[in-house]
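Inside the fold
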Amino acid sequence: MNIADYKGVWVFAEQRDGKLQKVALELLGKGRDLADKLGVELTALLLGNDVDNIAKELVAYGADKVVYANSPLLQHFNTDGYTKVICDLVTELKPEAILVGASFIGRDLGPRVAARLHTGLTADCTGLDIDPETKHLQMTRPAFGGNLMATIECSSNRPQMSTVRPGVFEKLSKDQDRKGEIQKISADLAEKDIRTKVVEVVKACKDCIDIGEAKIIVAGGRGIGSKEGFDVLQELAATLDGTIAGSRAAIDNGWLDKSCQVGQTGKTVRPNLYIACGISGAIQHLAGMQESDYIIAINKDADSSIMKVADLGIVGDYQKVIPEMIAQITTLKEEK
Amino acid sequence: MNIVVCLKQVPDTTEVKIDPKTGTLIREGVPSIINPDDKNALEEALVLKEKTGAKVTIISMGPPQAQSALREAIAMGADEAILLSDRAFGGADTLATSNALAGALRKLDYDIIFAGRQAIDGDTAQVGPEIAEHLGIPQITYVEKVEVKEEILRVQRAWEDGYEVIEVKTPVLLTAIKELNQPRYMNMKDIFKAYNKEVKIWSAADIDVDKSLLGLGGSPTKVKKSSTKEPKGQGESVNLPAKEAAAYAASKLKEKHYI
């Protein structure tokens with residue numbers, strides 16, 4: 001393999017039901033930075049069925065070029081079809097790096113593609129950069145349950161691939177005037193290429209708010225003690241126009257739905273405001289929330305780990321502090 | 001039916017602590033366990049064994065001491081166990097690991113290959129799909145329910161916001177998540193069996209895989225550096241009566257325009 005033959009940064013533009021996923025925009029934001037450092041084009045790779053409007057959106061969010069493979073067989077994600085189309089395009093167009101969101105799609109698709117291309121894949125990255133001398137992609141990820149950060153290189157294979165944790169990088173602001181080339185191709189795919197058949201799709205909680213999108217989060221953990229304990233947290237969240245979430249303990253105890261879990265095995269969030277109540281701050285939880293802009297922790301234990309990442313730590317009982325906070329916030333809002 | 005379960009012995013990362021003085025991982029005294037998702041994979045294989053009389057074989061790659069994890073799997077009810085153990089496998093990333101395991105699997109009969117979704121020491125979730133690709137068989141990841149109707153499987157695959165039901169023909173590779181089942185404990189009868197049962201040790205010479213695809217040399221990714229995560233700068237802490245603490249918090253929220 002002559003690695004000099006491989007040029008350009010690709011971003012997998014994940015869409016579901018014709019809706020572009022937030023992680024794709026985050027990847028474009030980071031991909032733009034990497035492509036500029038390398039002095040190469042940023043390409044968004046879009047697979048789907050009649051999603052032309054998404055192709056335009058990708059340009060507005062930073063792509064120089066959109067390679068858009070269209071087929072009715074790509075309407076809904078399937079490992080076999082997506083892998084074939086992507087690998088065929090990579091073999092033909094030879095990008096040097098491919099970023100894929102570490103979603104339930106990306107973490108299924110990424111390793112399959114990497115194995116077919118005989119290249120390296122770094123999972124669930126939280127940091128990406130270019131080495132100024134070698135120009136190799138520097139991929140940083142947590143290991144050992146978030147206890148350790150490892151920086152990984154794929155120096156002699158191309159493309160360099162990574163799945164990237166959603167919620168870590170920032171998207172660029174939308175610019176409708178940006179110009180980019182959209183290359184629409186019909187995907188070379190037949191029904192026999194797809195060996196799995198989806199017979200039923202069930203959305204578990206239609207009303208759930210995606211905590212990954214929330215600007216203000218009020219989260220509770222083991223220290224809340226019961227399902228009823230979350231009522232006052234809900235009330236605080238409502239007062240702040242925020243969303244409720246929880247640590248693994250809250251989900252395992254059945255106090256909250258799994259979709260509300262923050263942390264290594266749940267979701268990574270980076271809201272403007274994160275209020276952690278009765279959460280001690282296991283390393284797996286911190287991994288999912290410590291990038292939040294402003295963190296308030298309410299905990300009886302002044303020495304708990306959550307206090308070390310908090311911007312404001314309140315030592316006390318949430319049952320006493322939160323009702324007072326709700327009252328004070330309501331008063332301040334009325335003064336406006 | 002033949003079922004092969006891919007299983008890894010891992011340090012119990014919930015027990016891993018950081019030495020506050022040196023900032024390095026303290027590994028001494030950390031217990032080794034069967035990776036949790038792999039245990040769900042094994043449990044499902046054992047459930048299918050009870051229903052269909054399938055033979056359950058365990059394969060793993062690791063140092064000789066990983067035999068203890070395989071004996072535990074036998075004590076839970078698995079029939080055979082193979083450990084890939086050879087210095088030639090050392091330093092493998094996910095691609096090299098999957099090449100070794102796929103090489104071993106080619107020597108075995110399988111209708112279903114089960115793996116855990118991911119191992120808690122690496123959290124990559126890559127080895128399962130990479131094995132499926134090397135073997136040229138379909139994969140279904142994030143599996144939370146399995147029904148077998150002869151050579152057709154009906155599999156419930158979890159999504160972030162729900163699930164889908166997928167039908168697939170064997171052979172297939174499935175990766176298990178904890179929602180799939182509740183793993184059983186070892187039973188007395190099988191614990192005794194586990195003492196007498198041989199865990200087969202396979203070296204690189206026992207699998208037909210090009211040496212350049214194995215171990216450190218067969219790994220496209222390399223760890224360049226590692227570091228412990230720095231906590232961010234110390235914030236402020238207040239220890240006041242509830243009313244005053246709440247008033248202070250509210251004033252901060254106003255100052256920062258959250259209200």
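Below or above, wherever it landed, is the structure these notes cover.

Rules used in this analysis
Residues numbered from 1 in each chain as written. Chains lettered and ligands numbered in written order. Predicted model: local features only at pLDDT ≥ 70, side-chain atom pairs only at ≥ 80, totals over all residues. Helix = DSSP H or I, 4+ residues; strand = E, 2+ residues; numbered from the N terminus. Pairing = 2+ DSSP bridges. Axes fitted to C-alpha atoms, helices over the stretch in contact; angles between N-to-C directions. Core = buried A, V, L, I, M, F, W, Y, C linked by C-beta atoms within 7 Å. Buried ≥ 20, exposed ≤ 12 C-beta atoms within 10 Å, placed from the backbone. Contact = placed C-beta atoms within 7 Å. Nonpolar A, V, L, I, M, F, W, Y, C, P; charged D, E, K, R; others polar. Parallel < 35°, antiparallel > 145°, perpendicular 65-115°, else oblique. Left-handed = near helix turned anticlockwise from the far one by under 90°.

**Side note on the overall build of chain B**
Secondary structure summary: chain B contains six helices and 15 strands in total. In terms of overall dimensions, chain B has a C-alpha envelope of 70 × 40 × 40 Å along the principal axes.

**Quick notes on the sheet that holds strand β6 (residues 97-101) of chain A**
Residue and element names in this part refer to chain A. Ordered by their spatial adjacency, seven strands build an open sheet running β7-β11-β6-β1-β4-β5-β12, and the pairing between neighbours is parallel. At either margin of the open sheet sits one strand with a lone partner, and together these are β7 (121-125) and β12 (181-186). With strand direction ignored, the average angle separating the axes of adjacent strands in the sheet is 20°. One ladder, built from three bridges, connects strand β1 (residues 9-12) with β6; its direction is parallel.

**Some thoughts on the nonpolar core**
By size, the foremost hydrophobic cluster in this structure holds 130 residues, and its most contacted members are Val11 of chain A together with Val5, Ala73 and Ala100 of chain B. The contacts of Val11 of chain A, once residues within four sequence positions are left out, are Ala24, Leu27, Leu28, Gly31, Leu42, Ala44, Leu45 and Leu99 of chain A. Membership of the second largest hydrophobic core comes to 56 residues, among which are Trp255, Ile275 and Ile296 of chain A together with Leu253 of chain B.

**Some words on the interface of chain A and chain B**
Contacts between chain A and chain B engage 68 residues on the former and 65 residues on the latter. Split into classes, the residues belonging to the side of chain A that touches chain B amount to 36 nonpolar, 16 polar and 16 charged. Sheet analysis places strand β10 (residues 148-153) of chain A next to strand β14 (residues 222-228) of chain B, joined by six bridges and oriented antiparallel. Counted as the bridge partner of Leu148 of chain A is Thr228 of chain B from β14 of chain B.

**Things to note about helix α2 (residues 67-76) of chain B**
All names here are of chain B. Counting buried positions along α2 yields eight of ten residues, so the element is predominantly enclosed. Every buried residue of α2 is accounted for by Ala69, Leu70, Arg71, Glu72, Ala73, Ile74, Ala75 and Met76. One or two positions beyond α2, positive phi appears at Gly77, with a value near 135°.

**Describing the packing of helix α4 (residues 106-117) of chain A against helix α4 (residues 127-135) of chain B**
Contact geometry of α4 of chain A with α4 of chain B gives a least axis separation of 8 Å together with a crossing angle of 45°. One element, α4 of chain A, and the other, α4 of chain B, form an angle in the oblique class. For the pair α4 of chain A and α4 of chain B, the sense of crossing is right-handed. Within the contact between the two elements, α4 of chain A uses Asp108, Pro111, Arg112, Ala115 and Arg116 of chain A and α4 of chain B uses Pro129, Glu130, Glu133 and His134 of chain B. Its residues placed into classes, the contact of α4 of chain A with α4 of chain B shows three nonpolar, one polar and five charged.

**Considerations on the packing of helix α5 (residues 230-239) of chain A against helix α9 (residues 318-335) of chain A**
All names here are of chain A. Across the interface, α5 lies against α9 with an axial gap of 10 Å and an inter-helix angle of 20°. By the angle between their directions, the pair α5 and α9 is classed as roughly parallel. Considering only the axes of α5 and α9, their crossing is left-handed. Together, Val232, Leu233, Glu235, Leu236 and Thr239 of α5 and Gln319, Ile322, Pro323, Met325, Ile326, Ile329 and Thr330 of α9 make up the contact between the two elements.

**Side note on the environment of Leu213 of chain B**
Residues and elements named next belong to chain B. Among the secondary structure elements, Leu213 is positioned in the loop between β13 (200-202) and β14. Spatially, the C-alpha atom of Leu213 lies 18 Å from that of Val223, the residues being ten residues apart in sequence. Those residues in contact with Leu213 that sit more than four places away from it in its chain are Ala96, Asn99 and Gly218.

**With respect to the environment of Asn2 of chain A**
Structurally, Asn2 of chain A can be placed in the segment before β1. The spacing of Asn2 of chain A and Asn157 of chain A is 155 residues in sequence and 8.7 Å in space, taken between C-alpha atoms.

**A short note on the pairing of strand β16 (residues 273-277) of chain A**
Residue and element names in this part refer to chain A. Counting buried positions over the five residues of β16 gives five, a clear majority of the element. Residue alternation in β16 divides its side chains into two sets, Leu273, Ile275 and Cys277 and Tyr274 and Ala276, and both sets are buried. Note: strand β14 (residues 216-220) against β16, five bridges, orientation parallel. Within β16, the residue paired with Ile217 across the bridge is Tyr274. The sheet contact formed by β16 and strand β17 (residues 294-299) spans five bridges and is parallel. Looking at β17, one finds that Ile275 is bridged to Ile296.

**A word on the sheet that holds strand β1 (residues 2-6) of chain B**
Across the sheet, which stays open at both edges, the ten strands sit in the order β13(A)-β11(B)-β10(B)-β9(B)-β12(B)-β8(B)-β1(B)-β6(B)-β7(B)-β13(B) with mixed pairing between neighbours. Of all the strands in the sheet, just β13 (196-203) of chain A together with β13 of chain B have a single pairing partner and so form its edges. The average angle at which neighbouring strand axes cross in this sheet is 30°, direction not considered. Here strand β9 (residues 139-149) of chain B pairs with strand β10 (residues 152-159) of chain B via six bridges, running antiparallel. Looking at the pairing, Lys145 of chain B lines up with Gln156 of chain B of β10 of chain B. Running over the sheet, helix α1 (residues 36-52) of chain B touches β1, β6 (55-61), β8 (112-116), β9 and β12 (172-176) of chain B and is turned about 150° from β8 of chain B. Along the sheet face, helix α3 (residues 94-106) of chain B touches β1, β6, β7 (80-84), β8 and β13 of chain B and points at about 145° away from the line of β6 of chain B.

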